[in-house]
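# Structural overview for review
The residues making up each chain are set out below.
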Amino acid sequence: MQTTHSIWRSRLSSEMALLLKLLCVLCLVGLVRSQDMPYEEYMAQIQACPKECRCPPNFPRAVYCDNKGLTRVPNIPPFTWYLYLQNNLIEALSADALQNATQLRWLNLNRNKITSEGVAEGVLSAMTHLVHLYMDDNLLSSVPSPLPATLEHLRLSRNRISKIPAGVFIGLDKLNLLDLQGNKLMDDAVTEVSLKGLNSLVQINLAKNQLNSMPLGLPPTTTQLFLDGNNIDKIPAGYFKGLPRVAFLRLNHNKLGSGGVPKNVFNVSSILDLQLSHNQLTEVPLIPSGLEHLHLDHNKIKSVSGSNVCPVSVDDADESVNESAPRLRYLRLDGNEIKPPIPRDVILCFRLLRSIVI
(Lines give C-alpha, C1' and ligand atoms only; values in the text may rest on other atoms or scores of the structure.)
Protein backbone atom coordinates (compact mmCIF):
# COMPACT_ATOMS: atom_id res chain seq x y z
CA MET A 1 0.00 0.00 0.00
CA GLN A 2 2.90 2.34 0.80
CA THR A 3 4.50 1.67 -2.56
CA THR A 4 1.25 2.29 -4.42
CA HIS A 5 0.79 5.54 -2.56
CA SER A 6 4.34 6.67 -3.44
CA ILE A 7 3.81 5.80 -7.10
CA TRP A 8 0.55 7.74 -7.08
CA ARG A 9 2.22 10.78 -5.52
CA SER A 10 5.10 10.63 -8.03
CA ARG A 11 2.68 10.39 -10.94
CA LEU A 12 0.66 13.33 -9.56
CA SER A 13 3.81 15.43 -9.23
CA SER A 14 4.81 14.65 -12.81
CA GLU A 15 1.37 15.53 -14.10
CA MET A 16 1.38 18.79 -12.12
CA ALA A 17 4.79 19.71 -13.52
CA LEU A 18 3.55 18.94 -17.04
CA LEU A 19 0.46 21.03 -16.42
CA LEU A 20 2.56 23.95 -15.22
CA LYS A 21 4.75 23.72 -18.32
CA LEU A 22 1.66 23.65 -20.48
CA LEU A 23 0.30 26.70 -18.70
CA CYS A 24 3.61 28.50 -19.22
CA VAL A 25 3.54 27.68 -22.92
CA LEU A 26 -0.07 28.87 -23.18
CA CYS A 27 0.82 32.10 -21.39
CA LEU A 28 3.79 32.58 -23.70
CA VAL A 29 1.67 31.95 -26.76
CA GLY A 30 -0.96 34.36 -25.43
CA LEU A 31 1.75 36.95 -24.80
CA VAL A 32 3.13 36.54 -28.30
CA ARG A 33 -0.36 36.76 -29.79
CA SER A 34 -1.02 39.94 -27.79
CA GLN A 35 2.12 41.40 -29.37
CA ASP A 36 0.93 40.28 -32.83
CA MET A 37 4.13 38.32 -33.25
CA PRO A 38 4.54 34.73 -34.46
CA TYR A 39 6.03 32.36 -31.91
CA GLU A 40 9.04 31.58 -34.10
CA GLU A 41 9.82 35.28 -34.46
CA TYR A 42 9.38 35.78 -30.73
CA MET A 43 11.93 33.09 -29.88
CA ALA A 44 14.38 34.33 -32.51
CA GLN A 45 14.02 37.87 -31.18
CA ILE A 46 14.64 36.95 -27.54
CA GLN A 47 17.55 34.63 -28.36
CA ALA A 48 19.25 37.29 -30.52
CA CYS A 49 19.13 39.98 -27.84
CA PRO A 50 22.60 41.62 -27.58
CA LYS A 51 24.38 41.02 -24.31
CA GLU A 52 24.75 44.80 -23.88
CA CYS A 53 21.02 45.37 -24.12
CA ARG A 54 17.74 44.48 -22.46
CA CYS A 55 14.89 42.79 -24.34
CA PRO A 56 11.78 42.52 -22.12
CA PRO A 57 9.86 39.28 -22.81
CA ASN A 58 6.59 41.16 -22.32
CA PHE A 59 7.59 43.74 -24.96
CA PRO A 60 9.56 41.62 -27.42
CA ARG A 61 9.71 44.13 -30.25
CA ALA A 62 11.61 46.65 -28.07
CA VAL A 63 15.37 46.59 -27.47
CA TYR A 64 16.83 48.83 -24.74
CA CYS A 65 20.52 49.66 -25.16
CA ASP A 66 20.46 53.07 -23.45
CA ASN A 67 22.96 54.28 -20.83
CA LYS A 68 25.47 51.51 -21.56
CA GLY A 69 28.53 53.50 -22.62
CA LEU A 70 28.33 51.98 -26.11
CA THR A 71 30.67 53.30 -28.79
CA ARG A 72 28.98 51.43 -31.63
CA VAL A 73 25.55 50.04 -32.45
CA PRO A 74 25.34 46.36 -31.39
CA ASN A 75 23.88 43.66 -33.63
CA ILE A 76 20.14 44.32 -33.39
CA PRO A 77 17.60 41.42 -33.50
CA PRO A 78 15.73 41.25 -36.83
CA PHE A 79 12.16 41.77 -35.57
CA THR A 80 12.84 44.93 -33.55
CA TRP A 81 10.37 47.81 -33.89
CA TYR A 82 11.54 50.05 -31.05
CA LEU A 83 15.27 50.65 -30.49
CA TYR A 84 16.58 52.81 -27.66
CA LEU A 85 20.26 53.82 -27.97
CA GLN A 86 20.19 57.18 -26.17
CA ASN A 87 22.83 58.31 -23.68
CA ASN A 88 25.78 56.45 -25.16
CA LEU A 89 29.07 57.36 -26.86
CA ILE A 90 28.21 56.30 -30.40
CA GLU A 91 30.10 58.37 -32.99
CA ALA A 92 28.95 56.83 -36.26
CA LEU A 93 26.22 54.88 -38.03
CA SER A 94 28.09 52.64 -40.44
CA ALA A 95 26.43 51.16 -43.51
CA ASP A 96 25.93 47.83 -41.73
CA ALA A 97 25.12 49.25 -38.28
CA LEU A 98 21.39 48.62 -38.62
CA GLN A 99 21.33 46.12 -41.48
CA ASN A 100 19.27 43.62 -39.47
CA ALA A 101 16.86 46.25 -38.12
CA THR A 102 14.86 46.82 -41.30
CA GLN A 103 11.54 46.66 -39.41
CA LEU A 104 12.30 49.59 -37.09
CA ARG A 105 9.46 52.02 -36.39
CA TRP A 106 11.11 54.03 -33.60
CA LEU A 107 14.82 54.86 -33.28
CA ASN A 108 16.16 56.93 -30.38
CA LEU A 109 19.79 58.06 -30.78
CA ASN A 110 19.59 61.13 -28.51
CA ARG A 111 22.66 62.24 -26.58
CA ASN A 112 25.42 60.46 -28.45
CA LYS A 113 28.41 61.83 -30.40
CA ILE A 114 27.22 61.16 -33.94
CA THR A 115 28.64 63.47 -36.63
CA SER A 116 27.30 64.06 -40.13
CA GLU A 117 30.43 62.46 -41.54
CA GLY A 118 29.73 59.40 -39.42
CA VAL A 119 26.28 58.76 -40.91
CA ALA A 120 26.79 56.40 -43.84
CA GLU A 121 24.73 57.16 -46.94
CA GLY A 122 21.62 55.03 -47.09
CA VAL A 123 21.82 53.72 -43.52
CA LEU A 124 18.65 55.62 -42.53
CA SER A 125 16.68 55.35 -45.76
CA ALA A 126 17.14 51.56 -45.66
CA MET A 127 14.71 51.46 -42.72
CA THR A 128 11.57 51.56 -44.84
CA HIS A 129 9.15 51.37 -41.88
CA LEU A 130 10.73 54.06 -39.68
CA VAL A 131 8.21 56.57 -38.28
CA HIS A 132 10.09 58.30 -35.43
CA LEU A 133 13.76 59.32 -35.62
CA TYR A 134 15.29 61.09 -32.63
CA MET A 135 18.86 62.41 -32.90
CA ASP A 136 18.81 65.30 -30.41
CA ASP A 137 22.06 66.33 -28.67
CA ASN A 138 24.57 64.93 -31.14
CA LEU A 139 27.26 66.58 -33.29
CA LEU A 140 25.46 66.76 -36.63
CA SER A 141 26.36 69.70 -38.89
CA SER A 142 23.70 68.98 -41.52
CA VAL A 143 20.26 67.37 -41.70
CA PRO A 144 21.02 63.70 -42.49
CA SER A 145 20.15 62.49 -45.97
CA PRO A 146 18.56 60.49 -47.45
CA LEU A 147 15.71 59.82 -45.03
CA PRO A 148 12.98 57.15 -45.20
CA ALA A 149 9.72 58.20 -46.83
CA THR A 150 7.73 56.74 -43.92
CA LEU A 151 9.08 59.27 -41.41
CA GLU A 152 6.52 61.28 -39.41
CA HIS A 153 8.62 62.77 -36.59
CA LEU A 154 12.19 64.02 -37.01
CA ARG A 155 13.93 65.51 -33.97
CA LEU A 156 17.40 67.03 -34.48
CA SER A 157 17.54 69.65 -31.71
CA ARG A 158 20.75 70.83 -30.05
CA ASN A 159 23.19 69.72 -32.72
CA ARG A 160 25.49 71.94 -34.80
CA ILE A 161 23.33 71.99 -37.91
CA SER A 162 24.00 74.94 -40.21
CA LYS A 163 22.85 73.35 -43.46
CA ILE A 164 19.64 71.82 -44.78
CA PRO A 165 20.55 70.06 -48.04
CA ALA A 166 18.34 71.03 -50.98
CA GLY A 167 15.70 68.39 -51.59
CA VAL A 168 16.32 66.51 -48.33
CA PHE A 169 12.60 66.56 -47.51
CA ILE A 170 11.28 65.74 -50.98
CA GLY A 171 9.28 62.53 -50.76
CA LEU A 172 8.70 62.83 -47.02
CA ASP A 173 4.97 63.33 -47.48
CA LYS A 174 4.15 61.94 -44.02
CA LEU A 175 6.53 64.14 -42.01
CA ASN A 176 4.43 66.29 -39.67
CA LEU A 177 6.94 67.26 -36.94
CA LEU A 178 10.38 68.78 -37.55
CA ASP A 179 12.44 69.89 -34.54
CA LEU A 180 15.60 71.87 -35.37
CA GLN A 181 15.85 74.04 -32.26
CA GLY A 182 19.22 74.86 -30.75
CA ASN A 183 21.27 74.64 -33.93
CA LYS A 184 23.24 77.14 -36.04
CA LEU A 185 20.79 77.80 -38.83
CA MET A 186 20.97 81.22 -40.50
CA ASP A 187 18.55 82.85 -42.93
CA ASP A 188 20.22 81.45 -46.04
CA ALA A 189 19.78 77.89 -44.74
CA VAL A 190 16.02 78.06 -44.18
CA THR A 191 14.54 78.73 -47.61
CA GLU A 192 11.75 77.59 -49.88
CA VAL A 193 14.26 75.34 -51.65
CA SER A 194 15.56 73.67 -48.49
CA LEU A 195 12.06 73.13 -47.05
CA LYS A 196 10.52 71.85 -50.27
CA GLY A 197 8.62 68.59 -49.81
CA LEU A 198 7.17 69.22 -46.35
CA ASN A 199 3.63 68.83 -47.62
CA SER A 200 2.13 67.53 -44.35
CA LEU A 201 4.11 69.53 -41.82
CA VAL A 202 2.18 70.56 -38.69
CA GLN A 203 4.90 71.63 -36.24
CA ILE A 204 8.30 73.16 -36.97
CA ASN A 205 10.65 74.26 -34.21
CA LEU A 206 13.38 76.70 -35.26
CA ALA A 207 13.94 78.23 -31.82
CA LYS A 208 17.43 79.14 -30.62
CA ASN A 209 19.09 79.38 -33.99
CA GLN A 210 20.70 82.40 -35.69
CA LEU A 211 17.78 83.70 -37.74
CA ASN A 212 17.52 87.45 -38.39
CA SER A 213 14.34 87.22 -40.47
CA MET A 214 11.11 85.27 -40.51
CA PRO A 215 11.77 81.98 -42.37
CA LEU A 216 10.59 81.74 -45.95
CA GLY A 217 9.07 78.75 -47.68
CA LEU A 218 7.13 77.29 -44.75
CA PRO A 219 4.37 74.97 -45.99
CA PRO A 220 0.76 76.20 -45.70
CA THR A 221 -0.05 73.21 -43.48
CA THR A 222 2.06 74.65 -40.63
CA THR A 223 0.02 74.88 -37.44
CA GLN A 224 2.70 75.33 -34.77
CA LEU A 225 5.62 77.68 -35.47
CA PHE A 226 8.28 78.12 -32.79
CA LEU A 227 10.91 80.84 -33.39
CA ASP A 228 11.96 81.76 -29.84
CA GLY A 229 15.51 82.89 -29.12
CA ASN A 230 16.54 84.21 -32.53
CA ASN A 231 17.45 87.74 -33.69
CA ILE A 232 14.27 88.52 -35.62
CA ASP A 233 13.49 92.26 -35.61
CA LYS A 234 10.60 92.53 -38.06
CA ILE A 235 7.74 90.62 -39.63
CA PRO A 236 6.88 91.31 -43.28
CA ALA A 237 3.35 92.60 -43.92
CA GLY A 238 1.07 89.76 -44.96
CA TYR A 239 3.57 87.13 -43.83
CA PHE A 240 0.90 84.87 -42.34
CA LYS A 241 -1.32 84.92 -45.42
CA GLY A 242 0.77 82.00 -46.62
CA LEU A 243 0.16 80.16 -43.33
CA PRO A 244 -3.65 79.93 -43.11
CA ARG A 245 -3.58 77.21 -40.43
CA VAL A 246 -1.08 78.68 -37.99
CA ALA A 247 -2.58 78.43 -34.49
CA PHE A 248 0.40 78.48 -32.12
CA LEU A 249 3.05 81.13 -32.73
CA ARG A 250 6.05 81.66 -30.45
CA LEU A 251 8.43 84.58 -31.00
CA ASN A 252 9.70 85.04 -27.45
CA HIS A 253 13.24 86.35 -26.90
CA ASN A 254 13.73 88.11 -30.23
CA LYS A 255 14.34 91.77 -31.15
CA LEU A 256 10.88 92.75 -32.31
CA GLY A 257 10.00 96.42 -31.90
CA SER A 258 6.59 97.88 -32.64
CA GLY A 259 8.03 99.50 -35.77
CA GLY A 260 8.83 96.05 -37.11
CA VAL A 261 5.34 94.64 -36.50
CA PRO A 262 2.77 95.84 -39.09
CA LYS A 263 -0.55 96.75 -37.53
CA ASN A 264 -2.61 93.89 -38.98
CA VAL A 265 0.10 91.25 -39.29
CA PHE A 266 -1.41 89.03 -36.56
CA ASN A 267 -4.98 89.51 -37.74
CA VAL A 268 -5.26 85.86 -38.75
CA SER A 269 -8.40 84.01 -37.68
CA SER A 270 -6.57 80.72 -37.05
CA ILE A 271 -4.19 82.03 -34.34
CA LEU A 272 -5.11 80.82 -30.85
CA ASP A 273 -1.86 81.30 -28.90
CA LEU A 274 0.53 84.22 -29.55
CA GLN A 275 3.73 84.60 -27.54
CA LEU A 276 5.83 87.77 -27.92
CA SER A 277 7.55 87.87 -24.52
CA HIS A 278 11.02 89.40 -24.05
CA ASN A 279 11.05 91.63 -27.10
CA GLN A 280 11.19 95.42 -27.56
CA LEU A 281 7.53 96.20 -28.24
CA THR A 282 6.23 99.59 -27.09
CA GLU A 283 2.61 98.97 -28.08
CA VAL A 284 0.14 96.10 -27.88
CA PRO A 285 -0.33 94.78 -31.43
CA LEU A 286 -3.77 94.40 -32.95
CA ILE A 287 -4.98 90.89 -32.23
CA PRO A 288 -7.60 88.68 -33.89
CA SER A 289 -10.93 88.01 -32.22
CA GLY A 290 -10.25 84.28 -31.98
CA LEU A 291 -7.01 84.62 -30.00
CA GLU A 292 -7.20 82.88 -26.60
CA HIS A 293 -3.72 83.33 -25.08
CA LEU A 294 -1.49 86.41 -25.44
CA HIS A 295 1.99 86.73 -23.89
CA LEU A 296 3.44 90.25 -23.99
CA ASP A 297 5.49 90.23 -20.80
CA HIS A 298 8.95 91.81 -20.58
CA ASN A 299 8.64 94.34 -23.37
CA LYS A 300 8.61 98.16 -23.21
CA ILE A 301 4.87 98.73 -23.30
CA LYS A 302 3.80 101.78 -21.28
CA SER A 303 0.03 101.67 -21.59
CA VAL A 304 -2.86 99.58 -22.88
CA SER A 305 -6.36 100.71 -23.83
CA GLY A 306 -9.41 98.98 -25.23
CA SER A 307 -9.70 101.43 -28.11
CA ASN A 308 -6.25 100.39 -29.36
CA VAL A 309 -6.24 96.64 -28.74
CA CYS A 310 -9.87 95.53 -28.97
CA PRO A 311 -10.46 93.75 -32.30
CA VAL A 312 -14.12 94.87 -32.29
CA SER A 313 -16.05 97.80 -30.91
CA VAL A 314 -16.33 97.54 -27.14
CA ASP A 315 -20.10 97.82 -27.49
CA ASP A 316 -20.09 94.67 -29.67
CA ALA A 317 -17.84 92.66 -27.39
CA ASP A 318 -20.56 90.93 -25.34
CA GLU A 319 -20.19 87.27 -26.30
CA SER A 320 -23.82 86.62 -25.40
CA VAL A 321 -25.04 88.55 -28.43
CA ASN A 322 -22.10 88.40 -30.81
CA GLU A 323 -20.37 85.17 -31.86
CA SER A 324 -17.40 87.16 -33.18
CA ALA A 325 -16.70 88.64 -29.74
CA PRO A 326 -13.06 88.43 -28.58
CA ARG A 327 -12.14 85.01 -27.13
CA LEU A 328 -9.06 86.10 -25.15
CA ARG A 329 -8.79 84.16 -21.87
CA TYR A 330 -5.19 84.72 -20.76
CA LEU A 331 -3.22 87.97 -20.97
CA ARG A 332 0.28 88.49 -19.64
CA LEU A 333 1.67 92.03 -19.41
CA ASP A 334 4.15 91.86 -16.51
CA GLY A 335 7.68 93.13 -16.99
CA ASN A 336 6.49 96.22 -18.89
CA GLU A 337 5.98 99.82 -17.77
CA ILE A 338 2.23 99.45 -17.33
CA LYS A 339 0.85 100.41 -13.95
CA PRO A 340 -2.36 98.81 -12.61
CA PRO A 341 -5.28 98.86 -12.73
CA ILE A 342 -6.16 97.54 -16.18
CA PRO A 343 -8.42 100.11 -17.95
CA ARG A 344 -12.12 99.33 -17.78
CA ASP A 345 -12.55 99.29 -21.57
CA VAL A 346 -10.00 96.46 -21.82
CA ILE A 347 -12.04 94.38 -19.38
CA LEU A 348 -15.24 95.22 -21.24
CA CYS A 349 -13.66 94.16 -24.52
CA PHE A 350 -12.21 90.85 -23.35
CA ARG A 351 -15.11 89.57 -21.28
CA LEU A 352 -13.88 85.98 -21.32
CA LEU A 353 -10.60 86.86 -19.62
CA ARG A 354 -9.88 84.53 -16.73
CA SER A 355 -6.34 85.59 -15.93
CA ILE A 356 -4.38 88.84 -16.34
CA VAL A 357 -0.77 89.10 -15.16
CA ILE A 358 0.49 92.68 -14.80
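About the criteria used
- Residues numbered from 1 in each chain as written.
- Predicted model: local features only at pLDDT ≥ 70, side-chain atom pairs only at ≥ 80, totals over all residues.
- Heavy atoms only, no water.
- UniProt positions renumbered as here; feature names shortened; annotations may be inferred.
- Helix = DSSP H or I, 4+ residues; strand = E, 2+ residues; numbered from the N terminus.
- Buried < 20%, exposed > 50% of the residue type's maximum accessible area, 1.4 Å probe, protein only.
- Contact = heavy atoms within 4.5 Å.
- Areas by Shrake-Rupley, 256 points an atom, 1.4 Å probe, with all protein chains shown as cover.
- Phe/Tyr/Trp six-rings, centres within 6.5 Å; stacked < 30°, edge-to-face > 60°.
- Disulfide = S-S within 2.5 Å.
- pLDDT = per-residue confidence, 0-100.
- Core = buried A, V, L, I, M, F, W, Y, C linked by side-chain atoms within 4.5 Å.
- Salt bridge = Lys/Arg side-chain N within 4 Å of Asp/Glu carboxyl O.

- The chain has the name Keratocan in an unreviewed UniProt entry, where Stegastes partitus is given as its organism.
- In UniProt, the chain has this text filed under Subcellular location (unreviewed entry): "Secreted, Extracellular space, Extracellular matrix".

### With respect to the overall build of the chain
- Along the chain, the regular secondary structure elements total four helices and 13 strands.
- Per-residue burial for the chain yields a buried fraction of 47% across its 358 residues.
- Considering only contacts in the chain between residues 6 or more positions apart, those separated by 24 or more positions represent 48%.
- Surface exposure of the chain reaches about 17800 Å², of which carbon and sulfur atoms provide 52%.

### What to know about the environment of Lys339
- When you line up the elements, Lys339 lands in the loop between β12 (330-332) and α4 (344-349).
- In the structure, Lys339 is positioned 36 residues away from Ser303 in sequence and 7.8 Å away in space, judged by C-alpha atoms.

### Details of the packing of aromatic side chains
- In the structure shown here, the tally under the stated rule is six aromatic pairs.
- Look at Tyr64 and Tyr84: their rings are 4.7 Å apart centre to centre, the planes differ by 5°, and that puts the pair in the stacked class. Of this pair, Tyr64 sits in strand β1 (residues 62-64) while Tyr84 sits in strand β2 (residues 82-84), and the two are 20 residues apart along the sequence.
- The interplanar angle of 80° and the centroid separation of 5.4 Å between the aromatic rings of Trp106 and Tyr134 together place this pair among those described as edge-to-face. Note that Trp106 is positioned in strand β3 (residues 106-108) and Tyr134 in strand β4 (residues 132-134), a separation of 28 residues in sequence.

### Here's the deal with the state of the cysteines
- In total, this model carries three disulfides according to the counting rule given.
- In this model Cys49 forms its disulfide with Cys55; the gap between the sulfur atoms is 2.0 Å. With the S-S bond torsion at 90°, the cross-link from Cys49 to Cys55 turns out right-handed.
- What makes Cys49 partly exposed here is its relative accessible area of 22%.
- The side chain of Cys53 participates in a disulfide bridge whose partner is Cys65; the two sulfur atoms lie 2.0 Å from each other. Between Cys53 and Cys65, the disulfide has an S-S torsion of 105° and is therefore right-handed. Taken as a pair, Cys53 in the loop between α2 (39-47) and β1 and Cys65 in the loop between β1 and β2 lie far apart in primary sequence, twelve residues in all. The same class applies to Cys53 as to Cys65, namely buried.
- Sequence-ordered numbering of the bonded cysteines in the chain gives a pairing of 1-3, 2-4, 5-6.

### Considering the confidence of the model for the chain
- Here the chain shows a mean pLDDT of 89. Residues at 70 or above account for 87%.
- Confidence drops under a pLDDT of 50 for residues 19-34, and excluding neighbours within four residues, the segment shows ten contacts in the predicted structure.

### Structural notes on the nonpolar core
- Formed by 87 residues in total, the largest nonpolar core has its most connected members in Leu98, Leu107, Phe169 and Phe240.
- Apart from residues no more than four positions distant in its own chain, Leu98 is found in contact with Val73, Ile76, Leu83, Leu104, Leu107 and Met127.

### Some remarks on the pattern of salt bridges
- Under the defined criterion, the tally for this structure stands at six salt bridges.
- Among the ionic pairs, Lys51 bridges to Glu52, the shortest N-O distance being 3.8 Å.
- Here Lys51 falls in the exposed class, since its relative accessible area comes to 77%.
- With relative accessibility at 23%, the residue Glu52 sits in the partly exposed group.
- Note that Arg155 is salt-bridged to Asp179, the shortest N-O span being 3.5 Å. Of the two residues, Arg155 sits in strand β5 (residues 153-155) while Asp179 sits in strand β6 (residues 177-179), which places them 24 residues apart along the sequence.
- Judged by its relative accessible area of 24%, Arg155 falls in the partly exposed class.
- A single network of salt bridges, built from pairs that share partners, joins Asp297, Arg332 and Asp334.

### Remarks on the UniProt feature "domain: LRRNT" (unreviewed entry) in the chain
- Taken from the UniProt record, the annotation "domain: LRRNT" (unreviewed entry) applies to residues 48-82.
- Regarding residues 48-82, the helix share stands at 0% and the strand share at 11%, and the terminal C-alpha atoms are separated by 15 Å.

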